[in-house]
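Now for the letters of each chain:
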Amino acid sequence: MTTVFKKIIDRQIPAKIVYEDDQALVFEDIHPQAPVHLIVIPKKEIPTVNDITEADEALVGHLFGVMAKVARQLGLAGGYRVVTNCGPDAGQEVMHLHFHMLGGRTFDWPPG
Ligand code: AMP
């Protein structure tokens, strides 16, 4: 089944895109949980963290480099939180690997 994130990659549905390159896409979460709430995805369809293979390691590393670049562009000097939900216990809703990048406020630890 085509995920909503694949539809965003293919421009079948709109999104507020803040960064794009040949491997990655970053866009605003439709239900933001912080002043800055971005979704960072690979263009390659990988359902969950558990589906990452050795062949994807450079790609996943690239996504973290993208997050650092976007954080600098947005001036998130005070920091931000990166979250990935894997599977039902973590509440993953969209089966396309993604990292939530949350910033613009402080966060509690441990998370709920
Ligand atoms: P997760 O629970 O980790 O799978 O989170 C999925 C995230 O995708 C949620 O924070 C949703 O608000 C977000 N989301 C779902 N549909 C869209 C959409 N069309 N555009 C932007 N964000 C979306």
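Each remark here, short or long, concerns the structure printed above.
Now for a look at the structure at hand. Just so we're clear, the structure is a prediction, and the values are computed from it rather than from any experiment. Here, residues in each chain are numbered from 1, in the same order as that chain's written sequence. Given that this is a predicted model, residues contribute local features only at a pLDDT of at least 70 and side-chain atom pairs are listed and counted only at 80 or more, while totals for whole chains, interfaces and linings are drawn from all residues. The basis for the side-chain values is all heavy atoms of the structure; hydrogens and waters are excluded.

Here's how the labels work: a residue is buried when its accessible area is under 20% of the maximum for its type, exposed when over 50%, partly exposed in between, all with a 1.4 Å probe on protein chains only. The helix count covers DSSP runs of H or I at least four residues long, the strand count covers runs of E at least two residues long, and both are numbered beginning at the N terminus. With four of five residues buried, strand 2 (residues 24-28) lies mostly within the body of the structure. Between any two strands, pairing holds if DSSP finds at least two bridges. If you look at the hairpin formed by strand 1 (residues 17-20) and strand 2, you'll find three residues sitting between the two strands. When strand 2 meets strand 3 (residues 36-42), the two strands line up antiparallel, connected through five bridges. Paired with Leu25 across the two strands is Ile41, which belongs to strand 3.

The subject of this paragraph is the packing of aromatic side chains. Two rings from Phe, Tyr or Trp (for Trp, the six-membered ring) form a pair when their centres sit within 6.5 Å of each other. Planes less than 30 degrees apart are called stacked, planes more than 60 degrees apart edge-to-face, and all others tilted. Enumeration over the complete set of coordinates arrives at two aromatic pairs. Residues Phe5 and Phe27 carry aromatic rings whose centres are separated by 5.3 Å and whose planes lie at 70° to one another, so their mutual orientation is edge-to-face. A residue pair is termed long-range when its members are at least 10 positions apart, and Phe5 in helix 1 (residues 4-9) and Phe27 in strand 2 qualify at 22 residues.

This part is about the pattern of salt bridges. Here, a salt bridge means any side-chain nitrogen of Lys or Arg that lies within 4 Å of a carboxyl oxygen of Asp or Glu. Evaluation of the coordinates by the stated rule reveals four salt bridges. Its salt-bridge partner being Glu20, residue Arg11 comes within 2.6 Å of it at the nearest N-O pair. Exposure remark for Glu20: the relative accessible area of 36% places this residue in the partly exposed category. Linking Asp56 and Lys44 is a salt bridge whose minimum nitrogen-to-oxygen distance equals 2.5 Å. With Asp56 in the loop between strand 3 and helix 2 (57-74) and Lys44 in the loop between strand 3 and helix 2, the pair connects residues that are twelve residues apart, well separated along the chain. Assessed through its relative accessible area of 3%, Asp56 is described here as buried. One network of salt bridges, with partners in common, ties together Arg11, Glu20 and Lys43.

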